[in-house]
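# Per-entry structural report
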Amino acid sequence: AHPIQLVPVGFDTHPAKKLRLEFFDISCAEREGMNGPSEGDIARLIGFFREMLQSESEPNVLIHCYAGQSRSVAAGLILLVMYCGDGNKAWEELIKVVPEPTPNQRMLRLAEEILTAQGE
């Protein structure tokens, strides 16, 4: 989510498992007072996905961001990597639904560092 975007009506009361992360779509930690994705944000995202993958054999996921072009694509790719266990296979699956993906590069770098450190 964009940090200044309002929480959608009903978000907090909807029964689905959900995670809301708030950072700007930039590929650095901070720029001109805007916060980019942090290691903590991506660790929370990975933890959320890990729980989902452990509890559901075929997880249904809705990933949404303000623009729908970079942060959500990166989050989807991170989930696919965790699900497939292979970056190339994950990329192949992603381009089936997003023909010209432009994932947030900082999110991907942080996820790779975290997953590598965790032995995944």
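Here the structure is shown first, and the text comes after it.
Let me begin by describing the structure that accompanies this report. Predicted model, so just to flag it, every value in this text is computed and none were measured.

### A look at the environment of Val 73
The topology assignment puts Val 73 in helix 2 (residues 71–84). Taking C-alpha positions, Val 73 is 7.5 Å from Asn 104, a pair spaced 31 residues apart along the chain. When neighbours within four sequence positions are excluded, Val 73 is seen to be in contact with Gly 68, Leu 94, Val 98, Pro 101, Thr 102 and Pro 103.

### Here we look at the layout of surface pockets
Its volume calculated, the largest pocket comes out at about 770 Å³. Lining the largest pocket are 28 residues; nearest its centre among them are Phe 11, Leu 19, Leu 62, Ile 63 and His 64. Only helix 1 (39–55) and helix 2 provide two or more residues apiece to the lining of the largest pocket. Among the elements that make up the lining of the largest pocket, the one with the highest residue count is helix 1 (four residues). For the lining of the largest pocket, a count of residues per class yields 17 nonpolar, six polar and five charged. The calculated volume of the second largest pocket comes to roughly 400 Å³. Mapped by element, the contributors of at least two residues to the lining of the second largest pocket are helix 2 and helix 3 (87–97). Broken down by element, the residue count for the lining of the second largest pocket peaks at seven residues, all from helix 2. Across the lining of the second largest pocket, the residue classes tally to 12 nonpolar, three polar and two charged.

### Here's the deal with the nonpolar core
Ile 42, Leu 45, Ile 46, Phe 49, Ile 78, Met 82 and Met 107 are the most contacted members of the largest nonpolar core, which has 23 residues in total. Breaking this core down by element, the ones donating at least two residues are helix 1, helix 2, helix 3 and helix 4 (105–117). Here this core takes seven residues from helix 2, the largest share from any one element. Contact partners of Ile 78, with chain neighbours within four places excluded, come to Leu 45, Ile 46, Phe 49, Met 107, Leu 108 and Ala 111.

The rules behind each value
- Residues numbered from 1 in each chain as written.
- Predicted model: local features only at pLDDT ≥ 70, side-chain atom pairs only at ≥ 80, totals over all residues.
- Heavy atoms only, no water.
- Helix = DSSP H or I, 4+ residues; strand = E, 2+ residues; numbered from the N terminus.
- Contact = heavy atoms within 4.5 Å.
- 1 Å grid on protein atoms, 1.4 Å probe; cavity = no way out; pocket = protein on both sides within 12 Å on 5 of 7 lines; lining within 4 Å.
- Points joined across faces, edges and corners; volume = space filled by probe spheres on them.
- Nonpolar A, V, L, I, M, F, W, Y, C, P; charged D, E, K, R; others polar.
- Core = buried A, V, L, I, M, F, W, Y, C linked by side-chain atoms within 4.5 Å.
- Buried < 20%, exposed > 50% of the residue type's maximum accessible area, 1.4 Å probe, protein only.

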